[in-house]
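# Observations on the model geometry
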Amino acid sequence: MVLRMKYVNRWGLMRNTWKESLSEHSLDVSILAHALAVIAKKRFDRQVDPQRAAMLALFHDAAEIITGDLPTPVKYYNNDICTAYKQIEKAANCTLLDMLPDDFREEYEPFFLPEESDDYLWILVKAADKLSALIKCMEEEQSGNPEFSVAKQAQLESLHRMELPEAELFLQEFLDGFSKTLDEQSLD
């Protein structure tokens, strides 16, 4: 069932130069969450596990296999909708867990139902999710699609509001690489 992520398209309300599947997004967020956790560990001496951050991120939107991708402006329109959607996501995650054999559930449960011990990692995953959206917006703009300009600014502002040192460092040291061509990156 989780492999059905490839059939769920993101950014449904926007004109895209290329469609991004939930599967692609989840991989991107996993890579970015791992990087943020490495930054946390190496630059800020935090006791975090980058591999666990990557795994949490890999499954962070798994509920959307059942719910579909609800656009951000709808999901966060008001507190009532946001709260209701979180309940729907939790129910969808429980449904996915219930599909597993009983002896597998405890291995997957932390990825579908967050544990308090992973709270900081989930903050990193949220930042990675926003970074992934920011990068998608940048790529769309670079492909000549101005439709993502406002979304790009909103993602950047949202990242800054997190006041997360790891995300700020990523933006300062690594974000420029996403606006370079392969040849330009090879020259650095």
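Right above here is the structure, for reference.
Residues numbered from 1 in each chain as written. Predicted model: local features only at pLDDT ≥ 70, side-chain atom pairs only at ≥ 80, totals over all residues. Heavy atoms only, no water.

In this model, helix α5 (residues 79–98) (20 residues) spans 28 Å end to end at C-alpha, consistent with the 28 Å of a helix rising 1.5 Å per residue. Every buried residue of α5 is listed here: Cys82, Tyr85, Glu89, Ala92, Asn93, Leu96 and Leu97. The buried residues of α5 occupy one face: seen down the axis, they fall within an arc of 140 degrees. Exposed and facing more than 90 degrees away from the buried side of α5 are Asp80, Gln87, Lys90 and Asp98. Next to the buried residues of α5 lie α3 (64–67), α4 (72–75) and α6 (102–112). The opening residue of α5, the one whose side-chain oxygen lies 3.0 Å from the backbone nitrogen of Asp80, is Asn78. (Helix = DSSP H or I, 4+ residues; strand = E, 2+ residues; numbered from the N terminus. Expected span 1.5 Å × (residues − 1). Buried < 20%, exposed > 50% of the residue type's maximum accessible area, 1.4 Å probe, protein only. Arc of directions from axis to C-beta. Contact = heavy atoms within 4.5 Å. Polar contact = N/O pair within 3.5 Å; in protein donor to acceptor, adjacent residues only side chain to side chain.)

A separate point is the pattern of salt bridges. Oppositely charged side chains are able to pair whenever their charged atoms sit close together. All told, the structure shown has 11 salt bridges when counted by the stated rule. Measuring nitrogen to oxygen at the nearest pair gives 3.3 Å for the salt bridge that ties Arg10 to Glu20. With Arg10 in the segment before α1 (22–43) and Glu20 in the segment before α1, this residue pair connects regions lying 10 residues apart in the sequence. Taking relative accessible area as the criterion, Arg10 reaches 11% and is therefore assigned buried. (Salt bridge = Lys/Arg side-chain N within 4 Å of Asp/Glu carboxyl O.)

Between helix α7 (residues 119–142) and helix α9 (residues 165–173), whose axes approach to 10 Å, the crossing angle comes to 30 degrees. In this view, α7 runs roughly parallel relative to α9, as classed from their interaxial angle. Note that α7 runs across α9; the crossing there is right-handed. From α7, Tyr120, Leu124, Ala127, Leu131 and Leu134 reach across to α9, where they touch Glu166, Ala167, Phe170 and Leu171. (Axes fitted to C-alpha atoms, helices over the stretch in contact; angles between N-to-C directions. Parallel < 35°, antiparallel > 145°, perpendicular 65-115°, else oblique. Left-handed = near helix turned anticlockwise from the far one by under 90°.)

All right, on to the state of the cysteines then. Scanning the entire structure with this criterion turns up 0 disulfides. There is no disulfide at Cys82, and the cysteine sulfur nearest it, in Cys94, is 18 Å away. (Disulfide = S-S within 2.5 Å.)

Residues Leu36, Phe112, Leu124, Val125, Leu131, Leu134 and Leu159 are the most contacted members of the largest nonpolar core, which totals 38 residues. Those elements that place two or more of their residues in this core are α1, α2 (50–58), α5, α6, α7 and α9. For this core, the element with the highest residue contribution is α7, accounting for 10 residues. The contacts of Leu131, once residues within four sequence positions are left out, are Leu32, Leu36, Leu159, Phe170 and Leu171. (Core = buried A, V, L, I, M, F, W, Y, C linked by side-chain atoms within 4.5 Å.)

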